[in-house]
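Chains, contacts and geometry: an overview
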Amino acid sequence: MPPRVLRVCALYPDLMNIYADRGNLLVLERRCAWRGLGFRLTASGLDEPLDGAAHDLFYLGGGQDRDQLLCAEDLLRHKRKGLHEAAARGAVVLGVCGGFQLLGRSYVLGEQQIPGVELVDVSTVREDGPRLIGNVAIEVQLDAGARPRVLAGFENHGGRTRLGAGEAALGRVLEGHGNDGRSGLEGVRRGNVIGTYLHGPLLPKNVWFADWLIAAALGLDAAALAPLDDALEDAAHAGARRAAGV
Ligand code: GLN
């Protein structure tokens with residue numbers, strides 16, 4: 001049987017990539033390779049169409065407000081339909097920070113309203129007040145009955161994000177600010193569409209989550225993935241937790 005291939009589409013990898021979020025893609029690539037799974041990375045930039053059926057996992061990283069505006073316009077024009085089709089068939093869509101904000105309804109910056117692709121019912125407003133910066137840890141439960149796990153990382157955002165009624169957070173803040181510094185909620189999750197403010201980058205510090213994403217994107221149970229020697233990765237996770245005080 002030919003190896004399974006994880007087909008990843010990185011959206012705007014040049015514009016939406018702060019805090020070395022590209023490391024998230026490297027982790028996916030290495031963990032597939034170590035298991036003998038295929039990996040195919042495609043980039044989709046400005047003015048390029050998006051085939052929602054051609055990829056299993058779509059990744060949108062963090063960005064400066066100015067770059068986010070450029071991408072938001074392009075997302076609506078060229079990629080909204082493909083992303084909705086992909087999400088509807090269970091593909092993984094992962095948005096980090098600015099990418100998370102763009103998965104929602106809108107990002108309001110003073111007079112300006114940046115529209116999102118509305119894959120999830122969240123709204124972000126750049127309020128007066130300090131940026132929400134620091135190490136962060138959240139508790140998440142991705143599967144019913146599974147034990148709660150910790151995601152640890154770093155956040156730096158001016159936007160405050162609120163979830164619409166009925167929309168679920170990715171996790172509960174253990175330490176740090178989370179979506180708005182008040183609600184105790186972090187990120188969003190609707191099926192396999194996930195948004196989070198955790199950079200750091202996210203996946204090198206939380207490889208258990210990388211495996212969950214790989215499995216979800218391939219339609220497998222995470223327990224079906226071959227175990228790896230994660231001594232270094234576990235140390236990175238422990239370090240990120242320590243930094244957050246958890
Ligand atoms: N520009 C957004 C904000 O400041 C997102 C920043 C980021 O991706 N780190 O809220």
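Everything that follows concerns the structure shown earlier in this document.
Here's a quick rundown of the structure. (Residues numbered from 1 in each chain as written. Predicted model: local features only at pLDDT ≥ 70, side-chain atom pairs only at ≥ 80, totals over all residues. Heavy atoms only, no water.)

Looking only at helices and strands, the chain has 6 helices and 14 strands in total. The C-alpha radius of gyration of the chain comes to 17 Å, within 12% of the 18 Å expected for a compact globule of 246 residues. Summarising its shape, the C-alpha atoms of the chain cover approximately 55 × 45 × 30 Å along the three principal directions. Across the chain, the fraction of contacts at a sequence separation of at least 24, relative to all contacts at a separation of at least 6, is 71%. Side chains of the chain carry 27 positive and 30 negative charges; the gap between the two charge centres is 2 Å. (Helix = DSSP H or I, 4+ residues; strand = E, 2+ residues; numbered from the N terminus. Rg over C-alpha atoms; globule rule 2.2 N^0.38 Å. Contact = heavy atoms within 4.5 Å. Lys, Arg positive; Asp, Glu negative; His and termini not counted. Charge placed at Lys NZ, Arg CZ, Asp CG, Glu CD.)

A word on the pairing of strand β1 (residues 5-11). Most of β1 is tucked away: 5 of the 7 residues are buried. For the crossover that starts at β1, traverses helix α1 (residues 22-34) and ends in the parallel strand β2 (residues 38-44), the hand is right-handed. Pairing of β1 with strand β3 (residues 57-60) involves 4 bridges; the strand directions are parallel. Residue pairing for β3: Cys9 is matched across the bridge by Phe58. (Buried < 20%, exposed > 50% of the residue type's maximum accessible area, 1.4 Å probe, protein only. Right-handed = clockwise from strand over helix to strand, strands pointing away. Pairing = 2+ DSSP bridges.)

Here α1 is 13 residues long and its end C-alpha atoms lie 19 Å apart, about the 18 Å a rise of 1.5 Å per residue gives. Among all positions of α1, only Gly23, Asn24, Leu25, Val27, Leu28, Arg31 and Cys32 are buried. (Expected span 1.5 Å × (residues − 1).)

On to the sheet that holds strand β5 (residues 106-109), then. Reading across from one edge, β6-β5-β7-β10 is the order of the 4 strands in this open sheet, with mixed pairing throughout. The open sheet terminates on both sides in strands that have one partner only, identified here as β6 (112-115) and β10 (159-163). Direction aside, neighbouring strands of the sheet carry axes that sit 20° apart on average. Looking at chain direction, β5 and strand β7 (residues 122-126) are connected through 4 bridges and run parallel. Across the sheet, Tyr107 pairs through a bridge with Thr124, a residue of β7. Strand contacts of helix α2 (residues 65-88): β5, β6 and β7, with the helix running at about 50° to β6, the strand carrying the most contacts. (Axes fitted to C-alpha atoms, helices over the stretch in contact; angles between N-to-C directions.)

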